[in-house]
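Listed below, chain by chain, are the residues.
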Amino acid sequence: MDIDLYNEAIEYEQLTRAIYQAILMNEGSENIIVEHNVPIRGRSGVEHQIDVLWHFKQAGIEHDVLIECKNYSTNLTLEKVRNFFGVIHDIGNVHGVIVTKTG
């Protein structure tokens, strides 16, 4: 991967984290952690790299939302969406969001 494209992808992930953090804090939400570049081991034993992890506790229940960032100039392929679905399924008990510039 070209170093400039890599740096742009990291900046896009960090921007996504910052936006989610700002929105959630503005809503007055509590017990929120929004992290960038988090490794999570799935039930299969495979370690997955998560672009942005949004963790919160509501009514005594912990929730995790995995956010996949795609800084693409073209639409996502079905393969990319299926891969992320596989990660969500492997980790289990999480929700997933894909953030992209295009459809």
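Residues numbered from 1 in each chain as written. Predicted model: local features only at pLDDT ≥ 70, side-chain atom pairs only at ≥ 80, totals over all residues. Heavy atoms only, no water.

## Examining the overall build of the protein chain
Okay, so step 1: Across its full length, the protein chain holds two helices and four strands.
Okay, so step 2: Tracing the protein chain from N to C terminus, the helices and strands come up as α-β-β-β-α-β.
Okay, so step 3: The C-alpha atoms of the protein chain give a radius of gyration of 14 Å, which matches the 13 Å a tight globule of 103 residues would have.
Okay, so step 4: Along the first, second and third principal axes, the C-alpha atoms of the protein chain reach 45 × 35 × 25 Å.
Okay, so step 5: Counting every position in the protein chain, which comprises 103 residues, the buried fraction comes to 32%. (Helix = DSSP H or I, 4+ residues; strand = E, 2+ residues; numbered from the N terminus. Rg over C-alpha atoms; globule rule 2.2 N^0.38 Å. Buried < 20%, exposed > 50% of the residue type's maximum accessible area, 1.4 Å probe, protein only.)

## What to know about the pairing of strand β4 (residues 95–100)
Okay, so step 1: As paired strands, strand β3 (residues 61–70) and β4 are joined by six bridges and run parallel to one another. Bridge assignment links Leu66 to a residue of β4, and that residue is Gly96.
Okay, so step 2: One crossover worth recording links β3 to the parallel β4 by way of helix α2 (residues 78–91), and it is right-handed. (Pairing = 2+ DSSP bridges. Right-handed = clockwise from strand over helix to strand, strands pointing away.)

Such coordinate-based values are descriptive only and should not be taken to indicate function.
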